[in-house]
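# A look at the structure
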Amino acid sequence: MFIAIEGIDGTGKSTQAARLAAYLRADGSREVVLTKEPGGWDGGTVLRELVLGGKLVHPWSEGYLFMLDRAEHVSRIIEPAVREGKIVVCERYHASTLAYQVWGRGLPIEPFDSLFKFSDFPVPDLTILLDMEPEAALARVRSRGEEDAFESEGSAFMTRIRTGYLEQMKRAAAFWTCISAEASPDVVFENIVSEIKNRGII
Ligand code: TYD
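Residues numbered from 1 in each chain as written. Predicted model: local features only at pLDDT ≥ 70, side-chain atom pairs only at ≥ 80, totals over all residues. Heavy atoms only, no water.

## What about the site of the ligand?
What counts here: Proximity is defined per residue: any heavy atom of the residue falling within 4 Å of a molecule or strand makes that residue near it. By the criterion applied in these results, polar contacts are pairs of N or O atoms within 3.5 Å in which, for protein atoms, one can donate a hydrogen and the other can accept it, and in which residues neighboring in sequence qualify only through two side-chain atoms. What sets the accessible areas is the Shrake-Rupley method with a 1.4 Å probe; for residues, cover comes only from the shown protein chains. Per the convention used, a helix needs a DSSP run of H or I reaching at least four residues, while a strand needs a run of E reaching at least two, with both numbered from the N terminus.
Inspection of the region around the ligand gives 16 residues, with D9, R48, R92, T97 and Q101 positioned closest. A distance of 3.2 Å separates an oxygen atom of the ligand from a polar side-chain atom of R70. A distance of 2.5 Å separates an oxygen atom of the ligand from a polar atom in the side chain of T97. When the free accessible area of the ligand is taken as 550 Å², the share hidden by the protein chains comes to 90%. Looking at the shell around the ligand, the elements with two or more residues in it are α2 (44-52), α3 (61-83) and α4 (94-104).

## Section: the pattern of salt bridges
Threshold: In what follows, salt bridge is the name for a side-chain nitrogen of Lys or Arg lying within 4 Å of a carboxyl oxygen of Asp or Glu. Only protein chains enter the calculation, and the probe is 1.4 Å; a residue is then buried if its accessible area is under 20% of its type maximum, exposed if over 50%, and partly exposed in between.
The final tally for this structure, using the stated rule, is 13 salt bridges. Note that R76 and E72 form a salt bridge whose closest N and O atoms lie 2.7 Å from each other. Taken together, the positions of R76 and E72, both in helix α3 and 4 residues apart, correspond to about one turn of that helix. On the basis of relative accessible area, E72 is assigned to the partly exposed category, the value being 28%. Of the charged contacts, one joins K86 and E84 as a salt bridge, the two residues approaching to 2.8 Å between their closest N and O atoms. One continuous salt-bridge network, built from bridges that share partners, spans E31, E84 and K86.

## What about the packing of helix α1 (residues 13-27) against helix α8 (residues 185-198)?
We count it as follows: Angles shown run from 0 to 180 degrees and are taken between the N-to-C directions of axes, each axis being a line fitted to C-alpha atoms and, for helices, limited to the stretch in contact. Just so you know how the angles are binned, under 35 degrees is roughly parallel, over 145 roughly antiparallel, 65 to 115 roughly perpendicular, and the rest oblique. A clockwise turn of the near helix away from the far one marks a right-handed crossing, whereas an anticlockwise turn of less than a right angle marks a left-handed crossing. Two residues qualify as a contact provided that any one of their heavy atoms is within 4.5 Å of a heavy atom in the partner residue. The nonpolar class holds Ala, Val, Leu, Ile, Met, Phe, Trp, Tyr, Cys and Pro. Asp, Glu, Lys and Arg form the charged class, and all remaining residues, Gly among them, are polar.
Running from amino to carboxyl end, α1 crosses α8 at an angle of 50°, the nearest separation of the two axes being 10 Å. Taken as axis vectors, α1 and α8 run oblique relative to one another. When the axes of α1 and α8 are compared, the crossing they make is right-handed. In this structure, α1 uses Q16, R19, L20, Y23 and L24 to contact α8, whose residues at the interface are P185, D186, V188, F189, I192, V193, I196 and K197. A class-by-class count of the residues in the contact of α1 with α8 yields 9 nonpolar, 1 polar and 3 charged.

In structure tokens:
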């Protein structure tokens, strides 16, 4: 079972991913692996620094790095865990690349779709989209302190990314669920749990 958690910056993905993993662990029926992109594997930190430092120049560098990061993450962490019957909860996955590099940066979608297919990356059984107004999400990010290269792009950029997520959801509605992230973390989590139960994941 492979669950991805997506959303623009500041929607509370880390908090909800950690709570979901703890909840699924407490259920006890299956082992749970909590992981994230970028950088969720040994060696991923170098890549993370490169891409989040905002110093890359070529328009495709970012995209290449995220795909490379995903290739190692899938092979080393996600696929072995799924094969062993574990539940993988992954904060950000391929939908982030499409939302940020395609809708956000304006790169064409086709090369990313092809790379995904030819790399044999798994499609998540469920993608949970935490959705909220970009202005409100950015205000949360700013209140946390330092912004990374993406967060400092501002609300027009985040609005394009939000559209990117909503468009992707339309295309694969059966495998996605959209949960409002405007409510308190407890309410957001209750909604995630009821979705997980409705779908028979536990
Ligand atoms: P994230 O780890 O969520 O940042 P933080 O630890 O600050 O919460 O992700 C880092 C940034 O990378 C985030 O702004 C989204 C971006 N990103 C992409 O642009 N493309 C991708 O494929 C991924 C996985 C992330």
